[in-house]
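# Commentary on secondary and tertiary structure
Listed below, chain by chain, are the residues.
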Amino acid sequence: MRTTGGSNPNSAPAADAVRQLAARIAAVDARLRTLYGVARRRRIDPVSELVATILSQSTTDVQTARSFEALRRRFPAWEQVRDAPVSAIAREIRSSGLSRQKAPRIKRALAAISRARGAIELDFLRRLPLAEARDWLMQLDGVGPKTAAIVLLFALGKPAFPVDTHVHRATRRLGWVPARASAEQAYRLLEPSVPPRAHYRLHINLIRHGRAVCRAARPLCNACALRDLCDTGRAVPRKKPVHA
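Below you will find a few notes about this structure. (Residues numbered from 1 in each chain as written. Predicted model: local features only at pLDDT ≥ 70, side-chain atom pairs only at ≥ 80, totals over all residues. Heavy atoms only, no water.)

## Quick look at unusual backbone geometry
Glycine aside, the phi torsion of most residues is negative, and most peptide linkages are trans. Phi is positive for Leu 98, which is not a glycine, with a value near 50 degrees. With respect to the helices and strands, the residue Leu 98 is situated in the loop between helix 5 (86-92) and helix 6 (99-117). Residue Arg 218 is not a glycine yet carries a positive backbone phi of 55 degrees. Considering the arrangement of structural elements, one finds Arg 218 in the loop between helix 11 (199-212) and helix 12 (231-235). When its relative accessible area of 74% is taken as the criterion, Arg 218 is described as exposed. (Helix = DSSP H or I, 4+ residues; strand = E, 2+ residues; numbered from the N terminus. Buried < 20%, exposed > 50% of the residue type's maximum accessible area, 1.4 Å probe, protein only.)

## Some thoughts on the nonpolar core
With 70 residues, the main nonpolar core has Leu 50, Trp 78, Leu 122, Leu 137, Trp 176 and Leu 206 as its most contacted residues. If we skip the residues at most four places from it in the chain, Trp 78 touches Asp 45, Val 47, Ser 48, Val 51, Phe 68, Leu 71, Arg 72, Leu 110 and Ile 120. (Core = buried A, V, L, I, M, F, W, Y, C linked by side-chain atoms within 4.5 Å. Contact = heavy atoms within 4.5 Å.)

## Notes on the state of the cysteines
Counted under the stated rule, the structure contains zero disulfides. Cys 221 takes part in no disulfide bond, and the closest cysteine sulfur to it belongs to Cys 230, at a distance of 6.4 Å. Residue class for Cys 221 comes out buried when judged on its relative accessible area of 15%. Among the cysteines around Cys 230, which has no disulfide bond, Cys 224 carries the closest sulfur, lying 6.4 Å off. (Disulfide = S-S within 2.5 Å.)

## Points about the environment of Pro 195
Tracing the chain through its elements places Pro 195 in the loop between helix 10 (183-190) and helix 11. For Pro 195, a relative accessible area of 16% puts it in the buried group. Counting along the chain gives 16 residues from Pro 195 to Arg 211, while the straight-line C-alpha distance between them is 23 Å. Beyond its immediate chain neighbours, meaning those up to four positions away, Pro 195 contacts Ile 25 and Ala 26.

Below you can see the structure in the form of structure tokens.
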């Protein structure tokens, strides 16, 4: 039987949910921008960003930087890293941890880029739509949604939204994504709803807030400037002031 109108009865609620999420994200973005400002974009080429992001897995920023600098001192050209023995790469990046896993990933990624492009460069991704650029990167060994999003956002200026540990924790507590959503699920839910041109600053500011206030253990909900915008924060009993 033919129906009239031709509209999907589920489309309106779904569209409303998207708009509501976008509004909640915009409100938090504005509040965090007041708190932390707008971080200056760092300038780094996409291949360097890719290698640094692989190095950053399961380690600290300090250890990542130390390993990256050691690798570049030993092998100034990416072609040298591509052609080096895995053991030599692992030796230079050992301070980042898991060097035996990271070294072959880096070598295979550089080799794959070289085969596909005839050179070790990723600047061509700037000309591709976001989805195509992401799919291209995720064909590389060891590159998942988070790594691809970091390269796209930080090195190529595309509106990707990486979800690291701090962003994942904060967005679940805020109620933007389900409490049991994986980081990959959160990434796919959030990226389309982040306000235009806000992807970089919101990502950085959520990390800052996650480290300072929305900590994994003992979050400072009573001192949080986002409390009234946060599902978890509103549920935490307010501490009564202590009078002298």
